[in-house]
Amino acid sequence: QPTEQDKCLGDGRSAQCKDPDAPLMLVHIFSSRKDPTRLVFLDNAGVPERKEDNLDFRLLDGIDEAPRHAVEVLKSGRLGEMLLRSLQVDRVFWNTQDREQLANYINILERRGQILLQYIEKQKLALVDDY
């Protein structure tokens, strides 16, 4: 169900709020020249306040494979640790952020990663080597 944070855009970038079953159009998609069948969706419109029982997996409809390494990271339980390590590389960013807020976001990402992992396993997506 759409939340107040969801935008009802008329330009085709999101489903109309009146019709949650309306098809979604993807934007910010890149493909490899070497293998144009492999698409990468680059759009971070996550809403941290969205309840975990109201996540929308419609963007994943039709996807039948997932990168093996990403799934292994989710299974390992090390996503949060890896995120923290990657954020620390940018010292200016790291030294100017509210650590409590960062920890909260990382916890949200870890929980959502586990939900995504459950989705991948339930849908029996094939695991492929990273592109």
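Note: the structure precedes this text.
Computed from a predicted model, the values in this text were never measured in an experiment.

### Section: the packing of helix α1 (residues 68–76) against helix α4 (residues 99–122)
Line of reasoning, step 1. The interhelical angle for the contact between α1 and α4, taken along N-to-C directions, is 120 degrees, at an axis separation of 9 Å. As far as their axial angle goes, α4 and α1 are oblique. Here α1 and α4 pass one another in a crossing that is left-handed. On the side of α1, the interface is formed by V71, L74 and K75, while α4 contributes G113, Q114, L116, L117, I120 and E121.

### Examining the nonpolar core
Line of reasoning, step 1. Among the nonpolar cores identified, the biggest contains six residues, and these are A66, V71, L74, L117, I120 and L125.
Line of reasoning, step 2. Within the residue set of this core, elements represented by two or more residues are α1 and α4.
Line of reasoning, step 3. Discounting chain neighbours no more than four positions away, the residues touching A66 are V71, I120, L125, A126, L127 and V128.

Rules of the game
Residues numbered from 1 in each chain as written. Predicted model: local features only at pLDDT ≥ 70, side-chain atom pairs only at ≥ 80, totals over all residues. Heavy atoms only, no water. Axes fitted to C-alpha atoms, helices over the stretch in contact; angles between N-to-C directions. Helix = DSSP H or I, 4+ residues; strand = E, 2+ residues; numbered from the N terminus. Parallel < 35°, antiparallel > 145°, perpendicular 65-115°, else oblique. Left-handed = near helix turned anticlockwise from the far one by under 90°. Contact = heavy atoms within 4.5 Å. Core = buried A, V, L, I, M, F, W, Y, C linked by side-chain atoms within 4.5 Å. Buried < 20%, exposed > 50% of the residue type's maximum accessible area, 1.4 Å probe, protein only.

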